[in-house]
Amino acid sequence: MPDFNLIQSQTLRQEQTLAPVQIQSLELLMAPLMELQAKLAEELATNPVLEQENEDNSEDKDDNNIESPYSNTETGTIEAEDLKDDEFASLVNLTESWHDSLPAAHISNYQADEEKHQHFLNSIVDLPNVEDMLLSQLSFLKLSSEEEELAKLIIGSIDDQGYFKGSLEDLAVLGGADLKQMKHALHVVQSLEPAGIGACDLKESLLLQLIRKGKGKTKIATVVKKFLDELAANHIPQIAKKMNISIDELLEILSEIKKLNPYPCAGINLRRSDSIFVQPEAEIEKIDNKYEVKMINDNQPRLRISNYYLKLLENPNTPEETKEYIKHKVLQGKSIIKSLEQRQSTLKKIAEVIADTQYDFLENGIESLKPLTMREVADKIDMHETTVSRAVSDKYIKTPQGLFELKFFFSGGYQAESGDLLSSKSVMQKIKEIVENEDSQKPFSDDAIATKLKEQGIPVARRTVAKYREEIGIPSSRLRKQYK
């Protein structure tokens, strides 16, 4: 009989466990503005004691600051010990009856907000994606039901850029057809708009576009068929020699190829869920020759505790179980409000450090950007470095030089021969300017760019130039070279 030797033992270890309030505060700090708006909308919908300040109820703002007899007089918050958690679950249903007893002003405000929300939803136009566009065209073709179903399988395997990413063999099994039928279905889809749709790769897509233009048997098609890889490597003289044509003629062919679309469906998938909306949460303004930070609160709801429910707490006729439920919700609401205040305070402190550090950037632009690390900011505002990192993620700030993500301002740097500190981003900007002003027939190598930077008093190694050049999307000198 096996002996499992079960042994009971004790171990001592340290663990850090975040309280729910801390987790909530961290989530709100990390949330981008649009996600924050969604979270607050959810809180407003689920917590009856929370309400949003707006033009309709701003006049009675002072009245809503009434402290309930259950509040701590020093901090203005309800202590958790005052709550009886075991009673809350049975009291949730009370909110439905409370809605009927809300004052008329509350009901009218709610209905007005709901009407605005519905108007917004009704105003959204559901823009078509690639699949919708192709299925719409397919419905106008005279196809048998079997051909249409197979074509739909092909369309379902086309990505947002317009390329066919499926397997004809697998789709044939799925559609109960043979390979010849699937190839025919693919050809049907490739006959749709835009030209090049349904291609398996870039070469096929370009050839489909040339065929649609009536240029399927021209020298342009020959270059695409045989020399596309060499063309990408900028081997212009070698290709011209192999085709027995002049460089000028090849450059004309290259010009025609550049008119084709490498991604047939680029820009067609325009569903709103794929769009990115950027809204700044802070602004740096110049006031009396000094840059100051102003928080932008227009896009963030301002929350407060409802005066109606606070009065219910004070009313001696309110049932005790109702009061317990309200106290619980007030505690949750004040926790949300406090977390929002901490979020705004943290973002403002970070923005103020940026404004103080980056005066030259705010005056002159990216070339004057100074190096700044998250550790430096964390030390200045007495916070942990990871808190700063979480706070700046996906947050934007408006400056005299334009709209920037807060993370933009954090980078290492170099010390110029003059003693000035330069951000790595300012070095990238100088590399970009050097490339923009070079002779396109004799582009600068990375060594030559490093030499140019050194002449400007910025000692940067060649490998660093190569790294920064790639980061800002500038190809090598061999690929930048242009031929006449």
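Preceding block: the structure.
Residues numbered from 1 in each chain as written. Predicted model: local features only at pLDDT ≥ 70, side-chain atom pairs only at ≥ 80, totals over all residues. Heavy atoms only, no water.

Engineer: Any details on the nonpolar core? Residues and values, ideally.
Structural biologist: Counting residues in each nonpolar core, the largest one holds 29 residues, and the members touching the most others are Ile284, Ile350, Val377, Val388, Phe409 and Phe410. Looking at this core, the elements that each hand over two or more residues are β2 (282–287), β3 (290–295), α14 (320–357), α15 (359–364), α16 (374–381) and α17 (385–392). At six residues, the largest contribution of residues to this core is made by α14. (Core = buried A, V, L, I, M, F, W, Y, C linked by side-chain atoms within 4.5 Å. Buried < 20%, exposed > 50% of the residue type's maximum accessible area, 1.4 Å probe, protein only. Helix = DSSP H or I, 4+ residues; strand = E, 2+ residues; numbered from the N terminus.)

Engineer: Outline the pattern of salt bridges, supporting the account with residue identities and numerical values.
Structural biologist: In this structure the tally under the stated criterion is 18 salt bridges. Each of Glu148, Glu149 and Lys152 takes part in a single network of salt bridges with overlapping partners. (Salt bridge = Lys/Arg side-chain N within 4 Å of Asp/Glu carboxyl O.)

Engineer: Please give an account of the packing of helix α10 (residues 219–232) against helix α11 (residues 236–243) that cites residues and values.
Structural biologist: α11 packs onto α10 with a crossing angle of 140° between their chain directions and a minimal axis gap of 11 Å. Here α11 runs oblique to α10, going by the angle between their axes. For α10 against α11, the interelement crossing comes out right-handed. Here α10 contributes Lys219, Thr222, Val223, Phe227, Glu230 and Leu231 to the contact with α11, which in turn contributes Ile236, Gln238, Ile239, Lys242 and Met243. Looking at side-chain class alone, the contact of α10 with α11 contains six nonpolar, two polar and three charged residues. (Axes fitted to C-alpha atoms, helices over the stretch in contact; angles between N-to-C directions. Parallel < 35°, antiparallel > 145°, perpendicular 65-115°, else oblique. Left-handed = near helix turned anticlockwise from the far one by under 90°. Contact = heavy atoms within 4.5 Å. Nonpolar A, V, L, I, M, F, W, Y, C, P; charged D, E, K, R; others polar.)

Engineer: Any chance you could break down the sheet that holds β2 for me, citing the residues and the numbers?
Structural biologist: Consider a sheet: its strands pair through backbone hydrogen bonds, and that pairing is either parallel or antiparallel. Taken together, four strands build an open sheet; the order of strands is β3-β2-β5-β6 and the sheet is mixed. Across the chains shown, the open sheet's two edge strands, defined by having one partner strand only, are β3 and β6 (402–405). Strand-to-strand twist in this sheet, taken as the mean axis angle between neighbours without regard to direction, amounts to 25°. Pairing geometry for β2 and β3, over six bridges, is antiparallel. Looking across to β3, one finds that Glu285 is bridged to Glu292. Along the sheet face, α14 touches β2, β3 and β5 (396–399) and points at about 160° away from the line of β3. (Pairing = 2+ DSSP bridges.)

Engineer: Lay out the side chain of Asp446 in plain terms, naming residues and giving numbers.
Structural biologist: Tracing the backbone shows Asp446 in helix α19 (residues 446–455). Excluding its chain neighbours within four sequence positions, the residues that come into contact with Asp446 are Arg462, Val465, Ala466 and Arg469.

Engineer: Could you give an account of helix α5 (residues 130–138), with specific residues and numbers?
Structural biologist: Count 3.6 residues to each turn of an α-helix, and residues three or four apart come out pointing the same way. Every buried residue of α5 is accounted for by Val130, Met133, Leu134 and Leu138. For α5, the angular spread of the buried residues around the axis is 135°, confining them to a single face. On its buried face, α5 sits against α6 (145–155) and α8 (179–190). (Arc of directions from axis to C-beta.)

Engineer: Tell me about unusual backbone geometry, residues and numbers included.
Structural biologist: For residues that are not glycine, phi is negative in most cases, and the peptide bond is trans in most cases. Following Glu193, the chain continues into Pro194 via a peptide bond in cis, with omega recorded as 0°. Note on placement: Pro194 falls in the loop between α8 and α9 (202–212). With a phi angle near 65°, Asn234 is a residue other than glycine that sits in the positive phi range. For Asn234, the position within the fold is in the loop between α10 and α11. A positive phi angle, close to 55°, is found at Asp288, a residue other than glycine. The residue Asp288 is located in the loop between β2 and β3 in this model. Look at Asp288 and you get exposed, because its relative accessible area is 74%.

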